[in-house]
Amino acid sequence: MNNIAIVVLAAGMGTRMRSDLPKVLHRAAGRSLFDHVLMAARDLDPARVVVVMGPAMNAVADAARAVFPAAAAVVQEQRLGTGHAVMMAKDRLAGFSGTILVLYGDAPLVRPETLKDLCARQAAAGSLAVLGFEAHNPHGYGRLITDASRHIVVIREELDATPAERNIKLCNSGIIAIDSGLLWRLLPNLGKANAKGEYYLTDIVHLAAAAGQPAALAQCPESEVMGVNDRAQLAAVERAFQERYRLKHMLAGVTLTDPATVHFSADTEIAADVLIEPHVVFGPGVRVASGVEILGFSHIEGAVIAEGARIGPFARLRPGAEIGANAHVGNYVEVKKAMIGEGAKVNHLSYIGDAKVGAKSNIGAGTITCNYDGFDKHPTDIGANVFVGSNTALVAPVKVGDGVNIAAGSVITRDIPADALAIARAEQVVREGAAARYRQLKRARKAARTKA
Ligand code: UD1
Ligand code: MG
């Protein structure tokens, strides 16, 4: 395959999103639309990356550099069309010779394999290749007009098409791969005598064909080229990603008892032989090892779960949660930035934050690590084989040694040495017969009142 440079068009303001955030930075499946495009591009190992963005979109340049540290960002001050946008990238591609692949920042579903196929066809043709698709409803897309040998001779935009051309269902995704020499030679010849009065990149196909180099066609399913212009389309893209990831995980050996209710992030990593019950949400940054069971209605983000652990139902794992092998985290338990040791159990109604729980320790129902004093966060360090009685408050910073036993209802404010028993609650008082005497007194008073 040729040397590849990538140009991502992202100058659209995204007016229809009705948002202060540039359109391409909206998220689907836990990452921005733009990051999805960049991650697909990364698989092609491009020699150069140039992003064409609108004014005041520095966040877009930053996002590009987070994936490609050497990416160049250029501002297209005025949106004069896709051809004009690509022209903006020219200076940044000086000295590059090879295939230039043009991607759209708002079309995040395209797969790396599809892009590789497109680039391979471009390399074989030596000139250019266009990624097309059969549209269910072609309205609004440029139509691909092919010759007898399925080469593309013209791309006709909807507004410029004749009624006969509008019946064509083979449409332009907008993604093209083109030889750099050919691109820079033809680009200055684009006109704007069209319905929108814009410089259409698509006209380059006609110019190339006229010069005896018709474009090769690569095809992909329509679902891969879905673009985002408004929040309804953003939701449709989210749906498409979720369907893709559910299938991917199931085929890789993950059981989803009700796939339609499980939401993944693009980077979710799940080993084989994991069971996931209905209504589980994976935010970014989750890794799950083999043999884990995640029961219904759990919300998991930025967490690592080791072999054989059982999570939920109704568990919440927040960033920095590390759940050890065969540990249990049960219902209404929240774990944040905390390590739960191998075989440890936190089964009911607890908050464990900024903490360590040693192997085989048992954290009773309602235990809370009081990690925040209103100003700063403090750590709680619980050893191995500790038994924490129900409804214990551990006021951090505090250390609990191995083998400690804490009585239920304790408020622990000082460190506890290994194998000690700690009781930190008011001592129980028992007055024999006092309840009966109290009832007698109350009854007598009530009787006196009703008589009067
Ligand atoms: C374009 C194609 C059309 C194709 C469709 C697929 C052209 C002339 N038409 O039409 O054949 O079927 O995409 O969705 O290319 N952009 C800039 N600067 C500009 C103009 C556009 O950066 O000056 C960016 C947009 O942000 C967007 C992409 O280029 O990411 C496409 O632009 P858009 O205006 O949506 O083109 P369409 O009319 O949809
Ligand atoms: Mg468009």
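Residues numbered from 1 in each chain as written. Chains lettered and ligands numbered in written order. Predicted model: local features only at pLDDT ≥ 70, side-chain atom pairs only at ≥ 80, totals over all residues. Heavy atoms only, no water.

Focus: the overall build of the protein chain
If you tally the helices and strands in the protein chain, you get nine helices and 35 strands. In summary, the protein chain has a C-alpha radius of gyration of 31 Å against a globular reference of 22 Å for 452 residues, an excess of more than 25%. C-alpha extents for the protein chain along the principal axes are approximately 105 × 60 × 40 Å. The proportion of buried residues among the 452 residues of the protein chain is 48%. Sequence separation of at least 24 residues holds for 43% of the intrachain contacts in the protein chain that already meet a minimum separation of 6. As presented, the protein chain carries roughly 21,600 Å² of accessible surface, and 51% of it is formed by carbon and sulfur atoms. Across the protein chain, the centroid of the 49 positively charged side chains sits 10 Å from that of the 44 negatively charged ones. (Helix = DSSP H or I, 4+ residues; strand = E, 2+ residues; numbered from the N terminus. Rg over C-alpha atoms; globule rule 2.2 N^0.38 Å. Buried < 20%, exposed > 50% of the residue type's maximum accessible area, 1.4 Å probe, protein only. Contact = heavy atoms within 4.5 Å. Areas by Shrake-Rupley, 256 points an atom, 1.4 Å probe, with all protein chains shown as cover. Lys, Arg positive; Asp, Glu negative; His and termini not counted. Charge placed at Lys NZ, Arg CZ, Asp CG, Glu CD.)

A few points about the side chain of Arg-246
Turning to its location among the elements, Arg-246 is positioned in helix H8 (residues 231–251). Buried charged residue Arg-246 carries no salt bridge. Nearest counter-charge: Glu-243, at 5.2 Å. A distance of 3.2 Å separates a polar side-chain atom of Arg-246 from the backbone oxygen of Ala-260. (Salt bridge = Lys/Arg side-chain N within 4 Å of Asp/Glu carboxyl O. Polar contact = N/O pair within 3.5 Å; in protein donor to acceptor, adjacent residues only side chain to side chain.)

A closer look at the site of ligand 1
Neighbouring ligand 1 are 20 residues; Gln-76, Gly-81, Thr-82, Glu-157 and Asn-172 lie closest to it. The separation between a nitrogen atom of ligand 1 and a polar side-chain atom of Gln-76 is 2.7 Å. Within the contact set of ligand 1, a nitrogen atom lies 3.3 Å away from a side-chain nitrogen or oxygen of Arg-79. Relative to its unbound accessible surface of 750 Å², ligand 1 loses 87% to contact with the protein. Counting only elements with at least two residues in the shell around ligand 1, the list comes to strand S1 (4–10), helix H3 (82–88) and strand S10 (170–179). Residue classes in the shell around ligand 1 are distributed as eight nonpolar, eight polar and four charged. (Near = heavy atom within 4 Å. Nonpolar A, V, L, I, M, F, W, Y, C, P; charged D, E, K, R; others polar.)

A few points about the nonpolar core
With 57 residues, the main nonpolar core has Ile-276, Phe-282, Ile-294, Ile-305, Ile-311, Leu-317 and Ile-323 as its most contacted residues. Elements represented by at least two residues in this core include exactly H8, strand S12 (254–256), strand S14 (274–276), strand S21 (315–317), strand S24 (333–340), strand S26 (351–357) and strand S32 (398–400). Of the residues forming this core, the biggest block, five residues, is contributed by H8. Residues from two domains meet in this core; each of domain 1 (4–225) and domain 2 (233–422) gives at least three. When sequence neighbours within four positions are dropped, the list of residues in contact with Ile-305 reads Arg-287, Val-288, Ala-289, Val-292, Ile-294, Ile-300, Ile-311, Leu-317 and Ile-323. The next biggest cluster of nonpolar side chains, apart from the first, holds 41 residues, and it includes Ala-10, Met-57, Leu-118 and Leu-131. (Core = buried A, V, L, I, M, F, W, Y, C linked by side-chain atoms within 4.5 Å. Domains from an automatic or database assignment.)

Re the domain arrangement of the protein chain
When its domains are assigned, the protein chain resolves into domain 1 (4–225) and domain 2 (233–422). Centre-to-centre separation of domain 1 and domain 2, based on C-alpha positions: 44 Å. At the junction of the two partners, domain 1 supplies 13 residues and domain 2 supplies 13 residues. When the two sides are added together, the surface that domain 1 and domain 2 hide from each other amounts to roughly 1,000 Å², 67% of it contributed by carbon and sulfur. Counting across the interface, domain 1 meets domain 2 through zero salt bridges. At the boundary of domain 1 and domain 2, one finds three residue pairs in polar contact (both at pLDDT 80 or more). Residue assignment for the side of domain 1 that touches domain 2 shows that the elements contributing at least two residues are strand S2 (27–28) and helix H1 (33–42). Considered class by class, the residues forming the side of domain 1 that touches domain 2 number six nonpolar, three polar and four charged. (Buried area = accessible area lost by both parts, 1.4 Å probe.)

Focus on a positive patch on the surface
Residues Lys-442, Arg-445, Lys-446 and Arg-449 make up a contiguous surface patch of positive charge. Its location among the elements puts Arg-449 in helix H9 (residues 434–451). (Patch = residues over 30% accessible without salt bridge, like charges linked within 9 Å, V, L, I, M, F, W, Y side chains within 5 Å.)

A look at the sheet that holds strand S30 (residues 387–388)
Pairing is parallel across the open sheet formed by 10 strands, whose spatial order is S12-S14-S17-S20-S23-S25-S27-S30-S33-S35. Of all strands in the sheet, those with a lone pairing partner are S12 and strand S35 (421–422), marking the two edges. The pairing of S12 with S14 spans three bridges and is parallel. Paired with Thr-255 across the two strands is Leu-275, which belongs to S14. (Pairing = 2+ DSSP bridges.)

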